[in-house]
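Architecture and fold: a report
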Amino acid sequence: MSFEPKIIGILCNWCSYTGADLAGTARMKYPPNVTSVRVMCSGRVDPGFILDAFAHGTDGVLVCGCHPGDCHYVEGNYKCLRRIPLTKVLLQGMGIDPKRLHLEWVSASEGARFQKVITDFTEQIRALGPLQLQERTFDAATAEANGTTGSHATAGQPAAR
Amino acid sequence: MANVTVTIDGQRIEVEEGMYILQAAEQLGIKIPTLCYYPHMAPYAACRICAVEARDNKGWTKIVTACNYPVWDGLHVVTDTPRVLNARRVNLEMLLSRCAKVPVLARLAEEFGITEPRWGQGDDTCIKCGLCVRICDEVVGAHALAFADRGINREISTPFKLESQDCILCGACARYCPTGHIQMTDIEDRILHSELMLGPNAAIRIPFRQAIPNVPRIYGNQCIHMKTGGCMLCAKVCPKECIDFNDRDQIEEIEVGAVVVATGFADFDPTPMKQYGYGKYPNVISALEFEQMNNAASPTSGKIVLEDGSEPRSIAILHCIGSRDENQHKYCSRVCCMYALKFAHLVKEKTSAEVYQLYIDMRAFGKGYEEFYHRILDEGVNVIRGKGAEVVPAQSNRSEEGGLLVCCEDTLIGKYRQIPVDMVVLCTALEARADAADLARKLSISKGADGWFIEAHPKLAPVSTTTDGVFLAGACQGPKDIPDSVAQGSAAACQALRLLSMGEVMLDGAYAVITEELCSGCKICNGLCPYTAISFDETKKVSVVNAALCKACGTCVAACPSGAIQGRHFTDDQIYAQIEGILA
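Source: prediction; values computed, not measured. (Residues numbered from 1 in each chain as written. Chains lettered and ligands numbered in written order. Predicted model: local features only at pLDDT ≥ 70, side-chain atom pairs only at ≥ 80, totals over all residues.)

Topic: the overall build of chain B
- Helix and strand counts for chain B stand at 16 helices and 25 strands.
- Per-residue burial for chain B yields a buried fraction of 32% across its 584 residues.
- Long-range contacts, defined here as pairs at least 24 residues apart, represent 58% of the contacts in chain B between residues at least 6 apart. (Helix = DSSP H or I, 4+ residues; strand = E, 2+ residues; numbered from the N terminus. Buried ≥ 20, exposed ≤ 12 C-beta atoms within 10 Å, placed from the backbone. Contact = placed C-beta atoms within 7 Å.)

Set out below in structure tokens:
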């Protein structure tokens, strides 16, 4: 059986969730791998949610908000736009491929676009394969060898799903 | 001022002292001919046509000019004795000797029985009455005209006979010149084509016939008073003293319980689509201009005419200009098909011209619309399925057919066609107003990529917006015809009234709350809130959420470094639990 990724989709209530709704009412087909979590605004997306999702073993996180300029809360999506790249840096530091986190704008009228975003992201995650969380411990010797303090050494053990 | 009694042609009248004979006679309805007189200005007595005979009780008598002779108590005036008529006749004869060709003088000459003036028949048209100079000085206040030279060489001129920098092109001199010596030919042409095809307008006017309120307004950019501080004629003639030059646009703050947004649409400007030659060829006009021409109150009185005033022999109506176009607006403007059909019907009704409709798809979607389409077909309108691709001037060898060629692909017969027509009407797209984004921001409502405001739900809340108490009506929400706009407007009004009649507003249960004990008072959330719902309590040194203003977006919740803020119904715990549940 091929790998079926498990993906968390965090959707804003006004654009993306409504867009997903539209895709549904229009009977558009897209992979069932994304399970959506509704928040009022993409500005509500706490990086903690994303980290928590990865900690619980999701293969990818998709965050969707209103197009720039269209935010129901005027500029919540810009807040999100600032937070996601920072979260990606955090993920990289944790050994998680930043490609597993994706931010996309989907408006309430873009059911077809939602379908495409979901399909593309699912395929992207499928290509990346299952998440391999690695246990990391602080190894002073390696850190010294690398000339940096606080860097992480890899124990090489995949985390249990 | 004291009143005096005067007798004019045997009729006694009591008037104010200092009034001139002419004004007193006017009150009695006695006509005295004038050329250089204009009310609201000091009299000048240049033409001397208004000669009358003044008498007193003791036998004194004198010929005086009625326009500038002030009345006094016991004055007797006669206006029709042979002596008076002779005085007027001689004066008129002298004017005729200089200006024999002027129609107004010729009419007077006929009245006074002058066939041939004794001192020759000059071909000048200026009687040197100076009305223009005085209007320019006293009324307009521009001081752009004056007398030049003296004696028989006296003439009206701008300083040094050069184009005057002081002239404001108001045209008052030309309008009040009794003989037509001053003309505005060049200027008039420019004024005629300034505002669509509406023609010259007074600076004070009722904007259009159905204007609400139906009262005149002053157009500041045209008003002479606004330019020179002079004129004020409208104020002088208004019996109710309604004219207020100091009135200005004001910004008023009004407290309301609901807002209905009905800002409508803007008309797509087809000028950038060079292929249609709008603005280049005078007989390529937009649908709005065609509609205006058809209005009975238009300069053409509702006649369909070409630029040169002749009736067109053929008209092409091009659909979808700027709409259903990958390069402009992708959406359908919805109303164009039907008004284009109406145009065709009007053309058939008013003229004998051939009509060509060039359409992509005929969208006769409403009640009775399809029937109207069939009626148009029966009237002999040529409908061609194919979008008009280009409008070019007709080659000279085909010019007898008309001035323009419309190129298109007739997709039903699969052929490229060139249709010679006299006039092209462009059915331009409806587009969102340029300031829609500003309004959306002001009202915290959303607009789509096309600029139309977005309703809260396409099916279940078609007049509500995502902001409580703000409702949408009409074409600001998307292209819409009149019945749909009326229906939506009624619905929006109903929704607004429902809200008002409730008296109090029920708030959504979702809003942010701050746990005082956890708040460090960092104020990060204060600046983040798009609704300024978060303020800082200086005594407690914590931030406070105003639940009535909070819209529960949660931006502050995600930003709070100490986790003191929770969004009700979307708490961290709830979302973490959801994620856990999904991944379990």
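Quick look at the sheet that holds strand E16 (residues 388–393) of chain B
All names here are of chain B.
- A sheet is described by the order of its strands in space; here 3 strands give the open sequence E16-E17-E18, paired in antiparallel fashion. Pairing within the sheet leaves two strands with one partner each, and these edge strands are E16 and strand E18 (415–421). In this sheet, adjacent strand axes meet at a mean angle of 25° when their direction is disregarded.
- In this structure, strand E17 (residues 404–410) lies alongside E18, joined through 7 bridges in antiparallel fashion. (Pairing = 2+ DSSP bridges. Axes fitted to C-alpha atoms, helices over the stretch in contact; angles between N-to-C directions.)

Quick notes on the environment of Ala287(B)
Residue and element names in this part refer to chain B.
- As for its position among the elements, Ala287 is in helix H9 (residues 287–294).
- Judged by the 24 C-beta atoms lying within 10 Å of it, Ala287 falls in the buried class.
- Separated by 141 residues in sequence, Ala287 and Thr428 have C-alpha atoms that sit 6.6 Å apart.

Considerations on the interface of chain B and chain A
- At the interface, 27 residues of chain B touch 29 residues of chain A.
- Within the residue set of the side of chain B that touches chain A, elements represented by two or more residues are helix H15 (555–559) and helix H16 (572–583) of chain B.
- When residues in the side of chain B that touches chain A are grouped by element, the largest group, 8 residues, is from H16(B).
- Its residues placed into classes, the side of chain B that touches chain A shows 15 nonpolar, 8 polar and 4 charged. (Nonpolar A, V, L, I, M, F, W, Y, C, P; charged D, E, K, R; others polar.)

What about the sheet that holds strand E14 (residues 354–359) of chain B?
Residues and elements named next belong to chain B.
- If you walk across this open sheet you meet the 5 strands as E12-E19-E13-E14-E15, and the pairing is parallel. At either margin of the open sheet sits one strand with a lone partner, and together these are strand E12 (284–286) and strand E15 (382–385). Averaged over all neighbouring strand pairs, the angle between strand axes comes to 20°, with direction disregarded.
- Bridging between strand E13 (residues 314–321) and strand E19 (residues 423–428) involves 5 bridges; their strand directions are parallel. Bridging from a neighbouring strand, Ile315 pairs with Met423 of E19.

Structural notes on the nonpolar core
Residues and elements named next belong to chain B.
- One finds Ala316, Ile317, Val406, Val424, Val425, Leu426 and Cys427 to be the most contacted residues of the largest nonpolar core, which totals 127 residues.
- Top contributing element to this core by residue count: helix H10 (residues 336–350), with 8 residues.
- In contact with Cys427, other than residues within four places in its own chain, are Ala287, Ile317, Leu318, His319, Cys320, Ile321, Cys336 and Ala340.
- Residues Cys47, Cys99, Ala109 and Cys173 belong to the second largest nonpolar core, which totals 49 residues. (Core = buried A, V, L, I, M, F, W, Y, C linked by C-beta atoms within 7 Å.)

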